[in-house]
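# Examination of the molecular architecture
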Amino acid sequence: MSQVFFVSSRVLKNKGILQKFTELLEMINPPFIQKENNILIKTHFGEDGNTAYINPLYIRKTVDFIRKKEAYPFIGDTNTLYSGRRKNGVTHLDLAIEHGFSYASMNAPVVILDGLKSNNVKDIPVNLQHFKSVQLGGEFFSADGMIVITHVKGHLIAGMGAAIKNLSMGLGSRTQKQRMHGDIKPEYVQKKCIYCGLCAKVCPESAITVNKPDFNLNRDLCVGCAECITHCPTQALKILWNEKPALLAEKMAETAFVAINHLPGKILFFNFLINITPDCDCMSWSDNALINDIGVLASYDPVAIDQASYDLISQQKILNNSVLEDKDGDIFTLLRPGIDPLRQLEYAESLGLGSRKYDAVDLKW
Ligand code: SF4
Ligand code: SF4
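Residue positions are given per chain, counted from 1 along the sequence in the order it is written. Each chain gets a letter, beginning with A, and each ligand a number, beginning with 1, in the order they are written. A pLDDT threshold of at least 70 governs which residues receive local features in this predicted model, and a stricter bar of 80 or more applies before side-chain atom pairs are shown or counted, although totals over entire chains, interfaces and linings include all residues. To get the side-chain values, all heavy atoms of the structure are used, and hydrogens and water are removed first.

### Describing the site of ligand 1
Near residues are defined by distance, with any heavy atom within 4 Å of the molecule or strand qualifying the residue. Contacts to ligand 1 come from 13 residues, most closely from Cys-193, Cys-196, Gly-197, Cys-199 and Cys-232. Considered class by class, the residues forming the shell around ligand 1 number 11 nonpolar, 2 polar and no charged. Basically, the charged four are Asp, Glu, Lys and Arg, the nonpolar ten are Ala, Val, Leu, Ile, Met, Phe, Trp, Tyr, Cys and Pro, and anything else, Gly included, counts as polar.

Listed below in C-alpha cells is the structure:
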C-alpha cells in the first residue's frame, strides 16, 4: 500500500505551510535527486488572469533543495491546445515571468517542454486500449527525475484536476492533447443561443461561424478543446455527458502511463489542497474557493495521492460565497453531475500506475 504524507495548512507552533512544505521535502529526501542529475519541476504557470496557480515560492524552495544536492533543477510546462498566451512558447514564457516564474526569482531555468513552436516532441509506442503511441514534450525526456507540484481543483471535463491531469495534459504535446480531447465535440442548443459570437472569437481552429440567425460548427476542424463551451454565456454549447468524459479520463491515464514508465520510481508528487476553485488554472479567472484550505500531500504514487486528495476534499463543508453555497456533498460531483471524477483513478490503477488504497500519514506538524 502506498504512503501519502499530509501536512495541514493551519499554523501550528508558529510554523506555516511554506515551512512545512520545505521540511516535508527534506524529510522525504528523494533518492533520485543525485549530483549532476537534471530534475524537472513540473508545475502550471497559470493562464493569463488566473490567480490560483501554485505560488512560485514553493517552486523556489524546491529549486533550493535540488541545488543543495548539487543536481540541476529546471521548471517546465507544455504549450496549450486552446488559444491564449500559453499556446505559443514565447508568450508562454512571458506569462510565466509575469506570474513570478523568472530565472531571477526561481534560480532555475523555465523550459517550455515541447519547444517554442510545439515541435520538440517525442512519440513513444505503446500498446494500450486507446493509444498505440503517446506524444510528450521532448524536454521531459531530458529529466533524470521529476517533482510534480499540482494545485488540486475542479475541471470542466475530468471532474477533478490533480496529479494524473498534471502528468497527462501537462506533459502531452499539443498533438497528444488533441488526441485526448478528440471525442469532446460540443453540442449546440439553438434556443439558448443569443448569437453573441464569443465562441467563434475564442475558437483556436476557426471552427465556428456565427451570423444571426446562422450558427455553424465545422466538426472536422474542431479539436475538442472546449474553449467555446467555457466561454458561452448561456450554456448554448455543451458536452454530451455520456461516455465522453470517461473516455477523456482513460486517455489521460494512458498518457500519464508513458511519463511514469519513463521515470519509474523517480517521480515525487505534491498535491496542494489550497484555494480549491471550481475550475482549472487554464481559465482566465479564479472564482472563490469552494471549501477551506486543507494542506499539502506528498507521495510517490499519483493514484494514491489523487485518491487521498479526493477523500479529504469530499469530507469538507462547502463555503458560503462560493458557486456551490447552500449545497452539501462532494464538490466535484455537485459541480459537474454527469462526470465521475474518480474514473481517471480507477483506470490508472488498472494500468498499474498506483493504488487507490493508501496509508495516510498525518505528520501533525
Ligand atoms: S457563445 Fe454561446 S450564445 Fe454566443 S454565439 Fe456562441 S453559442 Fe451562441
Ligand atoms: S469548436 Fe469549440 S471545442 Fe471545437 S476547437 Fe473550437 S473552441 Fe475548441
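### Digging into the packing of helix α5 (residues 163-171) against helix α9 (residues 244-262)
Contact geometry of α5 with α9 gives a least axis separation of 8 Å together with a crossing angle of 80°. Here α5 is positioned roughly perpendicular relative to α9, judged by the angle of their axes. Across the interface between the two elements, Ile-164, Lys-165, Leu-167, Ser-168, Met-169 and Leu-171 of α5 pack against Leu-248, Met-252, Ala-253, Thr-255, Ala-256, Ala-259 and Ile-260 of α9. Residues that form the contact of α5 with α9 fall into these classes: 10 nonpolar, 2 polar and 1 charged. Every angle, taken between N-to-C directions, lies between 0 and 180 degrees, and every axis is a line fitted to C-alpha atoms, over only the stretch in contact when it is a helix. Strands are runs of DSSP state E lasting at least two residues, helices are runs of H or I lasting at least four, and both sets are numbered from the N terminus onward. Roughly parallel means an angle under 35 degrees; roughly antiparallel means over 145; roughly perpendicular covers 65 to 115; every other angle is labelled oblique. We call two residues in contact whenever any of their non-hydrogen atoms come within 4.5 Å of each other.

### Side note on the nonpolar core
What is meant by a nonpolar core is a set of buried Ala, Val, Leu, Ile, Met, Phe, Trp, Tyr and Cys residues, joined one to another through side-chain atoms within 4.5 Å. The buried label goes to any residue with under 20% of its type's maximum accessible area, the exposed label to any with over 50%, and the partly exposed label to all in between, with areas taken from a 1.4 Å probe on protein chains only. Membership of the largest hydrophobic core comes to 76 residues, with the highest contact counts inside it found for Phe-140, Met-146, Leu-167, Leu-171, Leu-237, Ile-313 and Ile-331. With near-sequence residues (within four places) excluded, Leu-171 lies in contact with Leu-40, Lys-42, Thr-78, Leu-113, Leu-136, Gly-137, Phe-140, Met-146, Asn-166 and Ala-259. Core analysis: the next-biggest nonpolar cluster, separate from the first, contains 36 residues, Val-7, Ile-28, Ile-75 and Leu-268 among them.

### Things to note about the site of ligand 2
Ligand 2 sits among Pro-186, Cys-203, Pro-204, Ile-208, Cys-222, Val-223, Gly-224, Cys-225, Ala-226, Glu-227 and Cys-228. For the shell around ligand 2, the class distribution of residues is 9 nonpolar, 1 polar and 1 charged.

### Focus: the environment of Gln-129
Among the secondary structure elements, Gln-129 is positioned in the loop between β5 (121-125) and β6 (133-137). Residue classification places Gln-129 among the exposed positions, given a relative accessible area of 60%. Separated by 194 residues in sequence, Gln-129 and Val-323 have C-alpha atoms that sit 37 Å apart. Ignoring sequence-local partners within four residues, the contact set of Gln-129 consists of Glu-254 and Tyr-347.

### Here we look at helix α10 (residues 302-314)
One fewer than the residue count of a helix, multiplied by 1.5 Å, yields its expected span. With 13 residues, α10 should cover 18 Å at 1.5 Å per step; its first-to-last C-alpha distance of 18 Å lies within 8% of that length. Most of α10 sits inside the fold, with 10 of its 13 residues counted as buried. In this structure Asp-301 caps α10, since a side-chain oxygen of it lies 2.8 Å from the backbone nitrogen of Val-303. A 3.5 Å cut-off defines polar contacts: any pair of N or O atoms within that distance qualifies, except that in protein one atom must be a possible hydrogen donor and the other a possible acceptor, and neighbouring residues in sequence count only when both atoms are side-chain atoms.

### Re the pattern of salt bridges
Salt bridge, as applied in this entry: a Lys or Arg side-chain nitrogen positioned within 4 Å of an Asp or Glu carboxyl oxygen. All told, the structure shown has 16 salt bridges when counted by the stated rule. Residue Lys-35 pairs with Glu-70 through a salt bridge whose shortest N-O separation is 3.8 Å. With a gap of 35 residues between them, Lys-35 in the loop between α1 (17-28) and β2 (38-42) and Glu-70 in the loop between α2 (56-68) and β3 (72-77) connect regions that are remote in the sequence. For Lys-35, a relative accessible area of 54% translates into the label exposed. For Glu-70, a relative accessible area of 47% gives the class partly exposed.

### Some points on the domain arrangement of the protein
For the protein, the assigned domains read domain 1 (2-176 + 246-362) and domain 2 (187-238). These domain boundaries are the output of an automatic or database domain assignment. Placing a centre on the C-alpha atoms of domain 1 and another on those of domain 2 gives a separation of 30 Å. Opposite the 8 residues of domain 1 that make contact, domain 2 presents 8 residues. By convention, the term buried area covers the 1.4 Å-probe accessible surface removed from two parts as they join, with the contributions of both added. Buried area between domain 1 and domain 2, both sides added, is near 690 Å², and the carbon and sulfur share of it is 66%. Counting the contacts that link domain 1 with domain 2 gives 0 salt bridges. The tally of links between domain 1 and domain 2 comes to 0 residue pairs in polar contact (both at pLDDT 80 or more). Its residues placed into classes, the side of domain 1 that touches domain 2 shows 6 nonpolar, 1 polar and 1 charged.

### Some remarks on the environment of Phe-332
Along the chain, Phe-332 falls in helix α11 (residues 331-335). Sequence-wise, Phe-332 and His-181 are 151 residues apart; in three dimensions their C-alpha atoms are separated by 20 Å.

### Overview of the pairing of strand β7 (residues 145-151)
Most of β7 is tucked away: 7 of the 7 residues are buried. Burial along β7 is two-sided: Gly-145, Ile-147, Ile-149 and His-151 facing one way and Met-146, Val-148 and Thr-150 facing the other are all buried. For two strands to be treated as a pair, DSSP must find no fewer than two bridges joining them. As paired strands, β2 and β7 are joined by 4 bridges and run parallel to one another. Directly across from Lys-42, in β7, lies its bridge partner Val-148. Relative to strand β14 (residues 267-273), β7 is paired through 6 bridges, and the arrangement is parallel. The partner of His-151 across the bridge, within β14, is Phe-272.

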